[in-house]
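Take a look at the letters that make up each chain.
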Amino acid sequence: MGLMKVYSGSEILAIALQERLEEAGVETVKKDNIQSARLGGFGGTDLAVEIFIQETDFAKANPVIEEFRMSL
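Thresholds, definitions, all that
- Residues numbered from 1 in each chain as written.
- Predicted model: local features only at pLDDT ≥ 70, side-chain atom pairs only at ≥ 80, totals over all residues.
- Heavy atoms only, no water.
- Helix = DSSP H or I, 4+ residues; strand = E, 2+ residues; numbered from the N terminus.
- Buried < 20%, exposed > 50% of the residue type's maximum accessible area, 1.4 Å probe, protein only.
- Contact = heavy atoms within 4.5 Å.
- Areas by Shrake-Rupley, 256 points an atom, 1.4 Å probe, with all protein chains shown as cover.
- Phe/Tyr/Trp six-rings, centres within 6.5 Å; stacked < 30°, edge-to-face > 60°.
- Patch = residues over 30% accessible without salt bridge, like charges linked within 9 Å, V, L, I, M, F, W, Y side chains within 5 Å.
- Salt bridge = Lys/Arg side-chain N within 4 Å of Asp/Glu carboxyl O.
- Lys, Arg positive; Asp, Glu negative; His and termini not counted.
- Charge placed at Lys NZ, Arg CZ, Asp CG, Glu CD.
- Expected span 1.5 Å × (residues − 1).
- Arc of directions from axis to C-beta.

In the annotation of an unreviewed UniProt entry, the protein chain is listed under the name DUF2007 domain-containing protein and assigned to Flavobacterium ginsengiterrae.

Draft legend 1. Quick peek at the overall build of the protein chain. Helix and strand counts for the protein chain come out as 3 helices and 3 strands. Counted from the first residue to the last, the protein chain has its helices and strands arranged as β-α-β-α-β-α. When the 72 residues of the protein chain are sorted by exposure, 32% land in the buried category. Long-range pairs, those at least 24 residues apart, make up 65% of the contacts in the protein chain with a sequence separation of at least 6. Of the roughly 4800 Å² of accessible surface on the protein chain, a fraction of 54% belongs to carbon and sulfur atoms.

Draft legend 2. Layout of the packing of aromatic side chains. In the structure shown here, the tally under the stated rule is 1 aromatic pair. Taken together, a centroid distance of 6.3 Å and an interplanar angle of 85 degrees make the contact between Y7 and F68 edge-to-face. You can see Y7 sitting in strand β1 (residues 3–9) and its partner F68 sitting in helix α3 (residues 58–71), a full 61 residues away along the chain. For the residue pair Y7 and F68, the accessibility class agrees, reading buried in each case.

Draft legend 3. Quick peek at a negative patch on the surface. Negative charge collects at one region of the surface, where E19, E22, E23 and E27 lie side by side. With respect to the element layout, E23 can be found in helix α1 (residues 11–23). Overall, the relative accessible area of 70% leaves E23 in the exposed class.

Draft legend 4. Inspection of α1 at higher detail. With 13 residues, α1 extends 18 Å between its outermost C-alpha atoms, agreeing within 8% with the 18 Å of an ideal straight helix rising 1.5 Å per residue. Burial in α1 covers these residues: A14, L17, Q18 and L21. The arc enclosing the buried residues of α1, seen along the axis, measures out at 105 degrees, which places them on a common side. With respect to the buried face of α1, the exposed residues turned more than 90 degrees away are I12 and E23. Contacts from the buried residues of α1 go to β1, β2 (28–32), β3 (49–54) and α3. With its phi angle positive at about 90 degrees, G25 sits one or two positions after the end of α1.

Here's what the structure looks like:
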């Protein structure tokens, strides 16, 4: 199976969701487009931080993601 994106947005919220998912036992991958652009010598305000999980972990992650979204 592959990775699925579960969040795209600000870095602060991405870190908060990532921590909650990892506490629930779901491994995450964070893709920081903002930092990548900065290191590449260009930047933009439309770039975001993305959180990915394994598709097989979705059932375990979904309640955590929904709780996170409702708390915003």
